[in-house]
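# Structure at a glance
Listed below are the residues making up each chain.
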Amino acid sequence: MKKYAYNEITTKQFIFFIYKTQIGVGILTMPRTLGEAAGTDAWISILFGYVIALAASCLIILIMSKHPEDTLYDLLPRYFGKWIGNGLSLIFILYCAIAAGLAILSSVFIERMWIVPDSSAFLLIVLFMIPVYTVTRNGLRVLGRYAEFVYLGTVWMYPLLLFSLKESHWLNLLPIAKDGWVPIVSAVKLTVLPFLGFEMAFILYPFLQNKKAAYKGIIIANSISLAVYLLIEILASIFFSPTEVTEYFWPTLILLKRIELPFIERFEIVFLSFYFLVLSMTVIPYLFTAVFGTSQLMGKQDHRVHLRWYTGIFLLIAFFYNPSYTSLDRLLTAWGKYGIFFAYAFPVCLWGYIAVFQWFKRRRFP
Amino acid sequence: MKKWLPAALSFLLLLPLTACGKQNYLERTNIVLGIAIDRTDKDQLLVIDNQVLFSTALKEKSITSSTKAPSVRAARENLNAMSRGSVTGSKLQVLLLGKRLLQEKDVMPLIDVVFRDAKNATNARVIAVDDSIEEIMSFMPRDKTHLSVYLSDLVDNAYDKRSIARTEIKQFHYQYFEEGITPAITQLKKSKNEIIVTGTALLNNKATYIVSLDRKESVLLQALQENVESASVPYTIPVAGKGQVSIDLRSKQKVKTSFVRGKFRFDIQMKISASLLERTFTMNAEKQVDEITKMVQAQLLHDARALVKKLQDHHVDPVGFGLHARAFEYSHWKKVQDHWPDAFADADVHLTLDVEMKGLGAVK
């Protein structure tokens, strides 16, 4: 019997769900972090990061396709036994829960920095949580539709960045690989955070209507993200000087400051306000994965109870803990590190384990 | 009941978020449109703010107040102490820098506040003032336009004809941090009854004043920066013994970069299309078009070479040859990137120029 049949999502929803999870806070700081590591050659690092992300995504689909009706939370106990399997699930849940929390905190931090410096962070978090809650409490199908909506509602934003072409220095891109390949390769690890989000396929796969399209879907999702990242990285490289770009915390927003209309001077405010739709679509998938996971572990169908618990606990923490820029940055870096493990190393290990497991099984029961 | 509860809750939460907590009445806000900074004798900054007021009771909409303080932000606090409403600098239009300050100090750390506070718009024009900033800031435009708006219009208008460099604060930031280019900003001064733009002030990489270009040199500088591709720019050429010829020019160029015998070498090929605007002596423009073209070409080439030499003599590179050096001779650039202007002063710049007379006007 199809366990998740009532909540199927289409291939398009699958694509936008993953793509929108990938695009998040990272995009605002990316030109700086990559610029520090690889200078104007960072766009090559992004290409490398893309290939690695693609390999990991395909591996995830490969693992999931062995048991097409299972989410990760069903799969782990199947291979590792109840205790270890559920333990591993719990770690994954914790990772997603922390990721969701961090995404909220950094969204609100940027909002306060750029738009409403005098408003209380806690109130903004509460306001942000209301729509997040109302979306997340629904099933995956609604979430998929929301992803589509966010995509359509924000697709106009990226071409706007082309305004900065007015002051471009294309020469900045030359020569390619100016300091050799070492900085480029070392910057690849920084592209991990921007591409994080494809691990959602662990949860999404069994909900997918047309499972044959899973590979196609995840490749398209990664490719759209790649296009957005390349656009921004190249624009930032030709707009800023290589040293200047590292001077700004949020170079992407400075790019937008360039846009000046006769009736609006700080266009980045309009952009950021709409960008909150995109940011919410980073929070919601992780949040859903976390609360969906705990509900599965406890054997409950309805994840709303746990969502309420999460929201309550998170708000309680947010009330007392208001991170500074440095601690937030440190947390985000840590997230990137754990992200490497969960999105890249974990699928490889899992796949290896499953291969060995099946080989043993075949030997024992020929 | 269940439906209403979230709505009511959201409403309650929205209430403290609206502007009720901290009003900002426009009538009471002093909006700073222009700031002028110079150095005083006692190692302090003289900061003059030009603000606009929106109070209906006032006849004078523009007020200028000056204060001495160790930093721009400290000066703002002083001004705040004098003002009945809040002082906001986020609508800044012009930033004037006294020549004395430019000669003695690195200005970038002084205007740090503009970049650090995300509220600020960073499109104010950066202007070097030839003499005292007090005279400029006390100037009253004859048509009663607000001084800062007047100044920014002045700059924009002059830039339309490319007779100055127009540098916004964020571009200044770029030029300051880019090793391959040195900053160039608008320069103006007060003559008897008018403020006039005199050309371009060239700074070095530490934002210290080096030398000025007049309006004609500025045109060629803009041409070398490939800024005269879409604008048509008037240029006058003196003709010995006869008078002068004025042309409207557009320019394009190709730069070839190489490294020969321990020196950078730039081969610049400028293509200028010109059209005749005025001649102050009799000649048949139709028949003598080749002659005019040659004359124009010779003079432009002479002026452009003189400009490049001037830049090299003073160790400044506002054109951005460093970008070419980095793009095409990276290994050699790497060695000199920290003192690029010196390397540029050493470089061989070969300039060739090709004029095409596109139009002669409506009469022969």
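None of the values given here were measured: they were computed from a predicted structure. (Residues numbered from 1 in each chain as written. Chains lettered and ligands numbered in written order. Predicted model: local features only at pLDDT ≥ 70, side-chain atom pairs only at ≥ 80, totals over all residues. Heavy atoms only, no water.)

## Structural notes on the interface of chain A and chain B
One frequent convention defines the size of an interface as the accessible area lost when the parts assemble. The cut-off we apply is this: Residue contacts follow a heavy-atom distance rule, with two residues in contact if any of their heavy atoms lie within 4.5 Å. In this description, buried area is defined as the sum, over both parts, of the accessible area (probe of 1.4 Å) that is lost when the two are combined. Throughout this description, the term salt bridge denotes a Lys or Arg side-chain nitrogen within 4 Å of a carboxyl oxygen of Asp or Glu. In the analysis that follows, any N or O atom pair within 3.5 Å is treated as a polar contact, provided that within protein one partner can donate a hydrogen and the other can accept it, and provided that, for residues neighboring in sequence, both atoms belong to side chains. Numbering goes from the N terminus for both helices and strands, where a helix is a DSSP run of H or I of at least four residues and a strand is a run of E of at least two.
Listed by partner, the interface residues are 32 residues for chain A and 32 residues for chain B. Summed over the three residues of chain A that lose the most area to chain B, namely Leu171(A), Lys257(A) and Glu265(A), the buried surface amounts to 19% of that side. Applying the counting rule to chain A against chain B returns 0 salt bridges. Here chain A and chain B share 6 residue pairs in polar contact (both at pLDDT 80 or more) between them. When residues of the side of chain A that touches chain B are traced back to their parent elements, those giving at least two are helix 5 (82–114) and helix 6 (121–136) of chain A. Looking at the side of chain A that touches chain B element by element, the count peaks at 5 residues for helix 6 of chain A.

## Brief notes about the domain arrangement of chain B
Residue and element names in this part refer to chain B. Basically, it comes down to this: What counts as a domain boundary in this text is fixed by an automatic or database domain assignment. Nonpolar residues are Ala, Val, Leu, Ile, Met, Phe, Trp, Tyr, Cys and Pro. Charged residues are Asp, Glu, Lys and Arg, and all others, Gly as well, are polar.
Domain boundaries assigned for chain B yield domain 1 (26–213) and domain 2 (215–364). Here the C-alpha centroids of domain 1 and domain 2 sit 31 Å apart. On the domain 2 side, the residues contacting the 26 residues of domain 1 number 28 residues. Of the roughly 2000 Å² buried at the junction of domain 1 and domain 2 (both faces included), carbon and sulfur atoms supply 59%. For domain 1, the biggest contributors to the area lost against domain 2 are Arg-162, Glu-179 and Leu-213; these three give 31% of the whole. Where domain 1 packs against domain 2, one counts 1 salt bridge. Put simply, Arg-326 and Glu-178 hold a salt bridge, and the shortest N to O gap is 2.9 Å. Across the domain 1-domain 2 interface, the total number found is 10 residue pairs in polar contact (both at pLDDT 80 or more). With 6 residues, strand 8 (residues 195–203) is the single largest residue contributor to the side of domain 1 that touches domain 2. Among the residues making up the side of domain 1 that touches domain 2, the classes are represented as 12 nonpolar, 9 polar and 5 charged.

## A look at a nonpolar patch on the surface
Residues and elements named next belong to chain A. As a reminder of what qualifies: Exposure above 30% relative accessible area and the lack of any salt bridge qualify a residue for a patch; like charges then connect within 9 Å, and the nonpolar side chains Val, Leu, Ile, Met, Phe, Trp and Tyr within 5 Å. All accessible-area figures derive from a Shrake-Rupley calculation using a 1.4 Å probe, and residue coverage is judged against the displayed protein chains alone. Buried means the residue's accessible area, taken with a 1.4 Å probe over protein chains only, is under 20% of the maximum for its type, while exposed means over 50%, and partly exposed covers the values in between.
A grouping of Val-305, Trp-309, Ile-313, Ile-317, Tyr-321 and Leu-331 is seen on the molecular surface, where their side chains present a nonpolar patch of about 570 Å² in accessible area. At 4 residues, the largest contribution of residues to the nonpolar patch is made by helix 15 (residues 304–320). Along the chain, Tyr-321 turns up in the loop between helix 15 and helix 16 (325–364). What makes Tyr-321 partly exposed here is its relative accessible area of 36%.

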